[in-house]
Amino acid sequence: MKTENIGNAKLEGLMTQLHLTGSRYNVALSVFFISYGLFEFPANIMMQFVRPSRWLPGIMFTWGILMMSMGFVKSFSQLVAIRILLGVAEAGFFPGVVFLLTMWYPRYKLMYRIALFTGAAGAAGAFSGLFAYGISFINTSHLEGWSWIFIIEGLVTIVISLIGIFVLVDYPDTAKFLSAEERQFVKQQRSVDIGDDEEGTVAQRVLSAFLDWQIWVTGLTLMSFMAPAYGITFFLPTILNGFGYSVAVSQLLTVPIFVIATIVMIIVAHFSDIMKIRSSFIVAMECVGLVGYIIQITNASTGIKYFGTYLAVTGLYAGVPCVVGWLANNLHGKYKRAVGMAIQVGMGNLGGIIASYIFRIQDEPRFTLGFAIAIGFMCIGLIATAALTYAYHRANVARIDRAKREGINEAEYAIELYVI
C-alpha cells in the first residue's frame, strides 16, 4: 500500500502540516524511485546468496518499520530521508518475488502467478482508499489522520513479514513439503521451456544481461505502463476531489477502481497463458489505458471522466504483469534472468520519477500536462511492443528454418524460440 498511501495522505493534511509547498510533494515522491531503481540490481544478485524465505520477509520488515516512521515525521527533510530509505528497503521485493516465481513455474503457467502477485498492488490500492477513509477520522492531540495512515499500514506490513518467515518457501529443490517425485516433476515441467544452464563466471553472466537488447526494450515498454500508472495512482484521490467530490468521498471512490483493475489483471493473465500470447494483450491493455487518459484531457462530464479513470487504471495495471512475464519467458539462465528482470523493473520504476514531476501542484485539478505526457509514453510503448514482436518473429523464423535444415527435433529447439 506504500505507493497509494502517500496519495491518500496528501488529502488528509500531509501537505499543510509538513509545509509541502511548490514542488516539495513531487520531490518527496521521486526520491523513493531513485534509490529504488539503483538498488534493484544488487538486491536481486543478493538473493542468489541469501534464502528467499529470509531475504524477502527481511526487507519487508525493514520497509514496514520505515513506513511507520513516516507517520512521525515533522518536516519535509525528514519525509525525504525516510522515502529514500524506503526505496532502498523495497528495491529487492518485486523483482525478487517474480524471479522466485520463475524458479517454480514453466512459461505458460507463469503469467497468471505474476498477476496474482501484482494484483496485490491493485487490491492494496482499494484497501488503501478504504483505510484512508476510516483512518482519516482518527485525530489525536499529537498526530493527525495522515500520520495514522502510515503508522497502521506500516504495522500491518511488519506483521505480515513475520508470518512470511514461517510460510514462505525457497526453491523446489529444497521444498520440504514436496516429495522427491514432486520435486522431479516441477524440475521437468520447467526444463521443457526454461533453460537455467549458464556458461562463464558470475560477472560474465551479469554482463550478458546488460548487453541483451530485449531487456532494454521491454524496460522501455514497462516504463510506458508504469509512468502513467504511478501518475494516476499518486494523484487519483486529488483528481477525484477535483471532480467536485468531498475528500472522504474521493477516498472511497478509489476503491472500486482498483478492485476492477485487479480482477481484469488476473483474467487477462489467465487467457494470456492459455493462448500462449503476450504481445497482443500488452497492446490491448495499453490501448485501454490510452483511451482512459485521453478522456481525462477532454471536456467530458464528471461521470464520463470517472469512467475514464477505470479504463486508465485497469489498462495500465493489467499490462504490467504481461510485460514483466514476457521478458521472464524469454530470458534463459538463472543469473541472467535475475539481473535482467531487475534492470527491466528498474527502468519501469523510472516512470515513478517522471510521474512525480509531470503531475504538478500548479496544474490541479485537471493535470492537462501530466495526462498529455503520459499519453505520449503509452504511444512509445505501443511502438516498442510492435518492434519487439517483429524482432522476435524474425528470430523465430530464422531458428526454425535452421533447425529444419539441420534435422533438429522440434522439442529440442522449442526452448530457444521467443514467446510472442
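Residues numbered from 1 in each chain as written. Predicted model: local features only at pLDDT ≥ 70, side-chain atom pairs only at ≥ 80, totals over all residues. Heavy atoms only, no water.

Chemist: Can you tell me about the pattern of salt bridges, naming the residues and giving the values?
Modeler: For the structure shown, the criterion picks out 3 salt bridges. When the shortest N-O distance is used, the salt bridge between arginine 51 and aspartate 170 registers 3.0 Å. In this pair, arginine 51 is assigned in the loop between helix 2 (24-46) and helix 3 (52-70) and aspartate 170 in the loop between helix 7 (145-167) and helix 8 (180-191), connecting sequence segments 119 residues apart. Taking relative accessible area as the criterion, arginine 51 reaches 46% and is therefore assigned partly exposed. Residue classification places aspartate 170 among the buried residues on the basis of a relative accessible area of 11%. For aspartate 273, the salt bridge identified is with arginine 278, shortest N-O distance 3.0 Å. Residue aspartate 273 is classed as buried on the basis of its relative accessible area, which comes to 7%. A residue is classified by how much of its surface remains accessible, and arginine 278, at 0% relative accessible area, is buried. (Salt bridge = Lys/Arg side-chain N within 4 Å of Asp/Glu carboxyl O. Helix = DSSP H or I, 4+ residues; strand = E, 2+ residues; numbered from the N terminus. Buried < 20%, exposed > 50% of the residue type's maximum accessible area, 1.4 Å probe, protein only.)

Chemist: So, the nonpolar core: which residues are in play, and what are the values?
Modeler: Formed by 105 residues in total, the largest nonpolar core has its most connected members in Leu14, Leu20, Tyr25, Leu56, Phe235 and Tyr293. Ranked by the residues each element gives to this core, the list is headed by helix 13 (residues 302-330), at 13 residues. Other than its neighbours up to four places away in sequence, leucine 20 contacts Leu14, Met15, Tyr25, Phe76 and Leu79. Counting 8 residues, the second-largest nonpolar core is a separate cluster that includes Ile45, Val206, Ala209 and Leu327. (Core = buried A, V, L, I, M, F, W, Y, C linked by side-chain atoms within 4.5 Å. Contact = heavy atoms within 4.5 Å.)

Chemist: Outline the environment of phenylalanine 61, listing residues and values.
Modeler: For phenylalanine 61, the position within the fold is in helix 3. The spatial distance from the C-alpha of phenylalanine 61 to the C-alpha of alanine 89 is 9.0 Å, given a sequence separation of 28 residues. The contacts of phenylalanine 61, once residues within four sequence positions are left out, are Ile158, Ser161 and Leu162.

Chemist: I'd like to hear about helix 3, residue by residue, with values.
Modeler: Its 19 residues place the ends of helix 3 27 Å apart at the C-alpha level, agreeing with the 27 Å of an ideal helix rising 1.5 Å per residue. Pro52, Ser53, Trp55, Leu56, Pro57, Ile59, Met60, Trp63, Gly64, Leu66, Met67 and Met70 are the residues of helix 3 that are buried. (Expected span 1.5 Å × (residues − 1).)

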